[in-house]
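Per-entry structural report
So the chains spell out like this:
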Amino acid sequence: MPPVFAHGRLRLYLLKLLDEAPRHGYEVIRLLEERFQGLYAPSAGTVYPRLSKLEAEGLVTHATEGGRKVYSITEAGRAELADRSGELADLELEIRDSVTELAAEIRSDVRGAAGDLRRELRAAASASAARVGEDDSWKAAKEELRKARQEWKEQARRAKDESRRAREEAQTARRQAKEAQDRAREEVQRIAGQLQEQFAKSGGVLGSLAGAWLGGGTPPTAPPADAAEAGADRASGWAVDLAPTVDPARDLDRLLDRFRDDVRDAARDRGVSAAQVAEARDHLAAAAARLATTFGPRP
């Protein structure tokens, strides 16, 4: 079967466990075993090096308590979790699928072992009958076979129960992921409505803000035609590398992230003054009001 955690997924899940509460390494291993219902437990050689790497990256920190390192998530770690919330929801589904696959493997192994045991018992019964008498040997072999069948049925029942629980948990995780997407979409609409209420009296467009900030100065009241055309050319090619997805709310978040990064890069490279900050605030208010109007009135 494929590995339980794909590349980089165990690192993300360790951050999730530490976001729930500070934990020491052995507790992390035990929690992972519980999440997999005892069907999988990572070794210390798998968990501790990843905790050390997370600490080196500034995503977790540790304190020594009773001779043990107790790891805690940092703000940078929480920020990464927030940025990868969609990936974390997919990971929860993958974990439940892995539990189902592991349970299926156990059932297959149990069936194979039971078949091998039946063949061995039959062979042993035949050999015993030839040496010490067929009746007593056959009775003993039948009793051993009965016990083996009973044990196999019990193991198969447990594996079936584990598979059923895994399917139910997977359905719950899918429902929770959909609810989280719906809540995120509603939150974007709510914020857009608030922006519209706060800046309804402002004017301007997002392009005027970007042009004023990246140019390092106040835009003229009536820009020349060639400057306006150049700004339009830059705007038409802006963020074309961000291909749209099936989730409009996600697409809006990505565009806002790109805009924030572009403005910060320009300010860092060219410097920024207090006057430019004040001017930028006015442009931001105008752009926010224009975008809020684009989204329409609140439902």
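If you're wondering where the values come from, they're calculated on a predicted model, not measured in any experiment.

Our next topic: the overall build of the protein chain. Of regular secondary structure, the protein chain possesses ten helices and three strands. Along the protein chain, helices and strands appear, N-terminal first, in the series α-β-α-α-β-β-α-α-α-α-α-α-α. Classification of the 299 residues of the protein chain by burial places 27% in the buried group. Taking all contacts inside the protein chain whose residues are at least 6 apart in sequence as the whole, residues at least 24 apart take part in 69%. Accessible surface for the protein chain amounts to roughly 19100 Å². Of this, 53% is attributable to carbon and sulfur atoms.

This paragraph deals with the packing of helix H1 (residues 9-20) against helix H2 (residues 25-35). At a minimum axis separation of 11 Å, H1 and H2 run at an interaxial angle of 105°. Classified by the interaxial angle, the pair formed by H1 and H2 is roughly perpendicular. Note on element contacts: H2 touches H1 through Val28, Leu31, Leu32 and Arg35, opposite Leu10, Tyr13, Leu14, Lys16, Leu17, Leu18 and Glu20. When its residues are assigned to classes, the contact of H1 with H2 shows eight nonpolar, no polar and three charged.

Of note, glutamate 92 is situated in helix H5 (residues 85-132). With near-sequence residues (within four places) excluded, glutamate 92 lies in contact with Tyr13 and Lys16.

A separate point is the environment of arginine 78. Within the secondary structure, arginine 78 is located in helix H4 (residues 75-83). On the basis of relative accessibility, which here comes to 36%, the residue arginine 78 falls in the partly exposed class. For the pair arginine 78 and lysine 16, spaced 62 residues apart in sequence, the C-alpha separation works out to 8.7 Å. Once residues within four sequence positions are removed from consideration, arginine 78 is found in contact with Asp19 and Ile73.

Moving on to the pairing of strand S3 (residues 68-73). Direction of pairing for strand S1 (residues 23-24) relative to S3: antiparallel, over a ladder of two bridges. By the bridge assignment, arginine 23 is partnered in S3 with tyrosine 71. The pairing of strand S2 (residues 60-65) with S3 spans six bridges and is classified as antiparallel. Paired with alanine 63 across the strands is valine 70, a residue of S3. What sits between the antiparallel neighbours S2 and S3 is a turn of two residues, in which glycine 66 has the positive phi angle 60°.

For any part of a model where pLDDT is low, the fine detail of the predicted coordinates should not be relied upon. Averaged over all residues, the pLDDT of the protein chain is 76; the fraction at 70 or higher stands at 68%. When mean pLDDT is taken per element in the protein chain, S3 scores highest with 94 and helix H7 (residues 206-215) scores lowest with 46. Residue range residues 202-222 is modelled with pLDDT below 50. Its contacts to residues more than four positions away, or to other chains, number 39 contacts.

Time to look at the nonpolar core. One finds Leu14, Leu15, Leu18, Val28, Leu32 and Val47 to be the most contacted residues of the largest nonpolar core, which totals 23 residues. Broken down by secondary-structure element, the contributors of at least two residues to this core are H1, H2, helix H3 (44-56), S3 and H5. For this core, the leading source of residues is H1, giving seven residues. Here leucine 14 is in contact with Val28, Val47, Arg50, Leu51 and Leu54, once residues within four sequence places are set aside.

This part is about H3. For H3, spanning 13 residues, the distance from its first C-alpha to its last is 18 Å, which sits close to the expected 18 Å at 1.5 Å a residue. Val47, Leu51 and Leu54 are the residues of H3 that are buried. One face of H3 carries all of its buried residues, which in axial projection span an arc of 65°. Seen from the open side of H3, the exposed residues pointing more than 90 degrees away from its buried face are Gly45, Lys53 and Ala56. Check the buried side of H3 and you find it contacts H1, H2, S2 and S3.

Parameters and conventions
- Residues numbered from 1 in each chain as written.
- Predicted model: local features only at pLDDT ≥ 70, side-chain atom pairs only at ≥ 80, totals over all residues.
- Heavy atoms only, no water.
- Helix = DSSP H or I, 4+ residues; strand = E, 2+ residues; numbered from the N terminus.
- Buried < 20%, exposed > 50% of the residue type's maximum accessible area, 1.4 Å probe, protein only.
- Contact = heavy atoms within 4.5 Å.
- Areas by Shrake-Rupley, 256 points an atom, 1.4 Å probe, with all protein chains shown as cover.
- Axes fitted to C-alpha atoms, helices over the stretch in contact; angles between N-to-C directions.
- Parallel < 35°, antiparallel > 145°, perpendicular 65-115°, else oblique.
- Nonpolar A, V, L, I, M, F, W, Y, C, P; charged D, E, K, R; others polar.
- Pairing = 2+ DSSP bridges.
- pLDDT = per-residue confidence, 0-100.
- Core = buried A, V, L, I, M, F, W, Y, C linked by side-chain atoms within 4.5 Å.
- Expected span 1.5 Å × (residues − 1).
- Arc of directions from axis to C-beta.

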